[in-house]
Amino acid sequence: MVKFFGAVIIILAAFITFIYPLANSIKQGLDLQGGTHIVLEAVDTPDAPVTDDSLSRVVTIIERRINEMGLTEPIVQKEGARRVIVELPGEKDPQKAIETIGKTAVLEFKDESGATRMTGKDLKTAKEQIDNGKKNVVAIEFTDEGAKKFADLTASNVGHQISILLDGQVLTSPVVNEAITGGKAVITGSKTLEDAKNLAILLRSGALPVKVQVLEVRTIGPSLGQDSKIKSEKAFAIGIVLIMIFLVAIYRVSGLVANVALLVYIMILLAILKYLNATLTLPGIAGIILSMGFAVDANILIFERFKEEVLIGKSLRTSMEAGFRRAFSTILDANVSVMIAAIVLIVMGSGTVKGFAVNLALGIIVSMFTAILVSRSLLTWFINTGLITNPWFYGLNRKLTAESETKKGGRS
């Protein structure tokens, strides 16, 4: 008795204490929070054809640029052979984001003849700052090899201009007064400190290996995202309540035990999502709700097997053990079939489809654990209390035959 009621109290207390912190700590996707959705497409050029490797590098560099911008919880992922999807939850200025993440950012240092003497590959770092003249500049530092190149470049161009270009546009064209050997320089021309910061981000992150163009920009307002969030939360709550009512109505005490196990399922699944730093989206919530159905389905199979064992005259405890044992192979086969489908979607799908499949797969794994271990342990402990021995309270709706009653009485 102590085991059962102690476990139930601990589970209920943990659910009440942790459910809201867990749910609110999981990152929310664009469809729940609002923000900016950008679709970029890589374009072939004579000097830089699009390859799978170059597209992967584009994703890496864009991620680096977004992180440098300080935006939270971004999603950057490949879609197909040429496209990159960028989702920026909470970002309300899509044009600013596009200017930073979509620039090719090819940096060049040219002499007066137009010859490119250095590129962005020679840079070590870049940082925005305000100089002594209150001007917004980008302070750059070269690599060891870059420092030697810059020293040679400035030494051979004293009294002449050196142009610094980004994507073919001149940022500044200072006149060299003397050779610069310290491996450091500044780029002027930024109107604001924010402009200097964005330029520094581009220089630090490096140039995109291929040209990209913007195909689509979509802004989702916070009110629309909040509306989606409220509706999804309501659907989730209604789904749980209906499932719990169904279980209690059909299986009574066994249904109550399954409901407690369902609370454990929800907590474990949310904890896993938080640990994996997952981003929750509407399709992801759909996957979780669907996996809840599989969790209930496993309990139903077990309880039906349990009732069959009771009908042939076995004791409650023996029937419960046999019910779990007989149902296990069926549950395993059904969940493996769904898991295979989920894995195919994870491997071959992208974006929201993959998010749905990942949450479905996680839900199936957790549901197996709660149905087989948590439900079984709780039901065993409750039967051992001896508080309720009438099979009706465990979902049996027809009377036992006289022969079954005799067998049951002899084995109990």
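Residues numbered from 1 in each chain as written. Predicted model: local features only at pLDDT ≥ 70, side-chain atom pairs only at ≥ 80, totals over all residues. Heavy atoms only, no water.

## A closer look at the layout of surface pockets
Within this model, the largest pocket holds a volume of roughly 580 Å³. Lining the largest pocket we find 22 residues, and of these I19, A23, E233, F236 and L270 sit closest to its centre. For the lining of the largest pocket, the element with the highest residue contribution is helix α7 (residues 222-251), accounting for eight residues. Class assignment for the residues of the lining of the largest pocket results in 17 nonpolar, three polar and two charged. (1 Å grid on protein atoms, 1.4 Å probe; cavity = no way out; pocket = protein on both sides within 12 Å on 5 of 7 lines; lining within 4 Å. Points joined across faces, edges and corners; volume = space filled by probe spheres on them. Helix = DSSP H or I, 4+ residues; strand = E, 2+ residues; numbered from the N terminus. Nonpolar A, V, L, I, M, F, W, Y, C, P; charged D, E, K, R; others polar.)

## Re the packing of aromatic side chains
Throughout the structure, instances matching the rule amount to nine aromatic pairs. Their ring planes at 90° and their centres at 5.1 Å tell us that W392 and F393 sit as a pair that is edge-to-face. The exposure class assigned to W392 is partly exposed, which follows from its relative accessible area of 41%. Feature note: the residues F4, F5, F306, F382 and Y394 constitute an aromatic cluster, connected by ring pairs. Looking at R252, its charged tip hangs above the ring of W392, at a distance of 3.9 Å from the centre. (Phe/Tyr/Trp six-rings, centres within 6.5 Å; stacked < 30°, edge-to-face > 60°. Buried < 20%, exposed > 50% of the residue type's maximum accessible area, 1.4 Å probe, protein only. Lys NZ or Arg CZ within 6 Å of the ring centre and 35° of its normal.)

## Digging into the environment of F382
Structurally, the position occupied by F382 is in helix α11 (residues 352-385). The class of F382 is buried, set by a relative accessible area of 7%. For the pair formed by F382 and L270, sequence separation is 112 residues and the distance between their alpha carbons is 27 Å. Among all residues touching F382, those that are not within four sequence positions of it are F4, V253, L387, I388 and Y394. (Contact = heavy atoms within 4.5 Å.)

## Let's talk about the sheet that holds strand β6 (residues 116-119)
Pairing in this open sheet of four strands is antiparallel, and the strands run β6-β5-β9-β10 from one edge to the other. Bordering the open sheet on either side are β6 and β10 (169-172), each of which pairs with just one other strand. Pairwise comparison of adjacent strand axes, ignoring direction, gives a mean angle of 35° for this sheet. Sheet analysis places strand β5 (residues 107-110) next to strand β9 (residues 163-166), joined by four bridges and oriented antiparallel. In the strand pairing of β9, L107 is matched with L166. (Pairing = 2+ DSSP bridges. Axes fitted to C-alpha atoms, helices over the stretch in contact; angles between N-to-C directions.)

## What to know about the nonpolar core
In terms of nonpolar packing, the biggest core is built from 58 residues, with Y265, I331, L378, L379 and Y394 touching the most fellow members. Of all the secondary-structure elements, those providing two or more residues to this core are α1 (2-25), α7, α8 (253-275), α9 (282-311), α10 (316-348) and α11. By residue number, the principal contributor to this core is α8, which donates 14 residues. With residues up to four places along the chain from it excluded, the contact list for L379 reads S254, V257, F303, M320, F324 and Y394. (Core = buried A, V, L, I, M, F, W, Y, C linked by side-chain atoms within 4.5 Å.)

## Brief notes about the sheet that holds strand β8 (residues 136-142)
Spatially, the three strands line up as an open sheet ordered β7-β8-β11, and their pairing is antiparallel. Every other strand in the sheet has two partners, leaving β7 (123-130) and β11 (184-187) as the edge strands with one partner each. Strand-to-strand, the axes of this sheet are offset by a mean angle of 25°, without reference to chain direction. Pairing of β8 with β11, which is carried by four bridges, proceeds in the antiparallel orientation. Residue pairing for β11: E141 is matched across the bridge by K184. Seen against the sheet, helix α5 (residues 144-155) touches β8 and β11 and runs at an angle of roughly 110° to β8. In the packing of helix α6 (residues 193-205) onto the sheet, contacts are made with β7, β8 and β11, and the angle to β7 comes to roughly 175°.

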